[in-house]
Amino acid sequence: MRHYHSVKFSDVEMTSAFWRERLDCILTRTIPSQYKMLEDHGILNSLTLPKPVPPLTIPENRHGFSTQIFWDSDVGKWIEAASYALSFRRDEETEARIETITDDLEAAQDEDGYLNCWYLGREPENRWTNLRDNHELYCAGHMLEGAVAYYHATGRDRLLSIMERYIAHIAQEFGPNEGQRRGYPGHQEIEIALIRLYHARGDTGHLDLARYFIDERGRAPHYFDIEAKARGEEPSAFWARTYEYN
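Residues numbered from 1 in each chain as written. Predicted model: local features only at pLDDT ≥ 70, side-chain atom pairs only at ≥ 80, totals over all residues. Heavy atoms only, no water.

**Focus: the overall build of the chain**
Of the regular secondary structure elements, the chain holds 11 helices and 0 strands. Listed N to C, the secondary structure of the chain is α-α-α-α-α-α-α-α-α-α-α in terms of helices and strands. Considering only C-alpha atoms, the chain reaches an extent of 60 × 55 × 35 Å along its principal axes. Within the chain, contacts between residues at least 6 apart in sequence are counted, and of these 70% link residues at least 24 apart. (Helix = DSSP H or I, 4+ residues; strand = E, 2+ residues; numbered from the N terminus. Contact = heavy atoms within 4.5 Å.)

Written out as structure tokens, the structure reads:
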């Protein structure tokens, strides 16, 4: 019987001329062009929590919210992609950009570990009040995946340590115990990030948190109903009509 196990991307090397040319193109062209888009559209600046709060770049949509609320996830996805590229060949400019992002996130992080730049900058009083639509846990998951990937590619763990503080806050906030919120992500994403963090650090608490989110999803009464009522909304008014979307 064959047995399979996963291999870290940083342990894989592609040596053929065809793939090395493509990987070099990604590092020298794709990653910088994506960074420029994050810069040009104000996404990177949002990490600095500018005061006064600037007007929305992306106006509210027909559902009554701006997709700008998900910008943290775009930064996390870029860091992850850049880290995959760095595992092919280290690049000082790319790493310096990630280190600058890390500086901004470190400065933005709340004393209790919370780290979502939309809420920290615009509505800190409303954090964790709308998991269904605003996807704080989803955004945290993508940032965590980026931090884990950067750690594997470079050995640098400052960003990962920042995200571990955030995950410790999340683990304290969510769960089945008294005083905790019995919530789960509007999008399944942080679960795989937590499993990757477990493989990187070996802390079984991260695996337990992933398991909690997976097992809790869909349990009645639905948490999304409970939090909607707490916001003064009728669950039946949900724009997607059912939780199949979630």
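Next comes the rest of the write-up.
**A closer look at the packing of helix α8 (residues 158-173) against helix α10 (residues 204-216)**
At a closest axis distance of 11 Å, the pairing of α8 and α10 adopts a crossing angle of 50°. The pairing of α8 with α10 is recorded here as oblique in orientation. When the axes of α8 and α10 are compared, the crossing they make is left-handed. Of α10, the residues touching α8 (which contributes Glu-164, Ile-167, Ile-170 and Ala-171) are His-206, Leu-209 and Phe-213. Tallied by class, residues from the contact of α8 with α10 come to 5 nonpolar, 1 polar and 1 charged. (Axes fitted to C-alpha atoms, helices over the stretch in contact; angles between N-to-C directions. Parallel < 35°, antiparallel > 145°, perpendicular 65-115°, else oblique. Left-handed = near helix turned anticlockwise from the far one by under 90°. Nonpolar A, V, L, I, M, F, W, Y, C, P; charged D, E, K, R; others polar.)

**Here's the deal with the environment of Tyr-35**
Residue position: Tyr-35 is located in helix α1 (residues 17-40). Residue classification places Tyr-35 among the buried residues on the basis of a relative accessible area of 10%. Put simply, Tyr-35 and Ala-82 are 47 residues apart on the chain and 9.4 Å apart in space, counted from C-alpha to C-alpha. Those residues in contact with Tyr-35 that sit more than four places away from it in its chain are Leu-44, Trp-78 and Arg-97. (Buried < 20%, exposed > 50% of the residue type's maximum accessible area, 1.4 Å probe, protein only.)

**Here we look at a nonpolar patch on the surface**
Taken together, Val-7, Val-12, Met-14, Phe-18 and Trp-19 make up a surface patch of nonpolar side chains, about 510 Å² in accessible area. Tracing the sequence through the fold places Phe-18 in helix α1. Using a relative accessible area of 53% as the deciding quantity, one classes Phe-18 as exposed. (Patch = residues over 30% accessible without salt bridge, like charges linked within 9 Å, V, L, I, M, F, W, Y side chains within 5 Å. Areas by Shrake-Rupley, 256 points an atom, 1.4 Å probe, with all protein chains shown as cover. Salt bridge = Lys/Arg side-chain N within 4 Å of Asp/Glu carboxyl O.)

**Quick notes on the pattern of salt bridges**
Across all of its chains, the model carries 25 salt bridges by this definition. Put simply, Glu-233 and Arg-231 hold a salt bridge, and the shortest N to O gap is 3.1 Å. Exposure remark for Arg-231: the relative accessible area of 24% places this residue in the partly exposed category. Here the salt bridges share partners, and the residues they tie into one network are Arg-90, Glu-95, Glu-99, Asp-103, Glu-106, Arg-156 and Arg-158.

**Some thoughts on the packing of helix α3 (residues 71-88) against helix α4 (residues 92-108)**
Direction vectors running N to C along α3 and α4 enclose 150°, while the axes themselves pass 11 Å from each other. On the basis of their axis angle, the class for α3 and α4 is roughly antiparallel. The crossing of α3 and α4 is left-handed. Each of Val-75, Trp-78, Ile-79, Ala-82, Ser-83 and Leu-86 in α3 lies in contact with α4, whose residues at this interface are Thr-94, Glu-95, Arg-97, Ile-98 and Ile-101. Across the contact of α3 with α4, the residue classes break down as 7 nonpolar, 2 polar and 2 charged.

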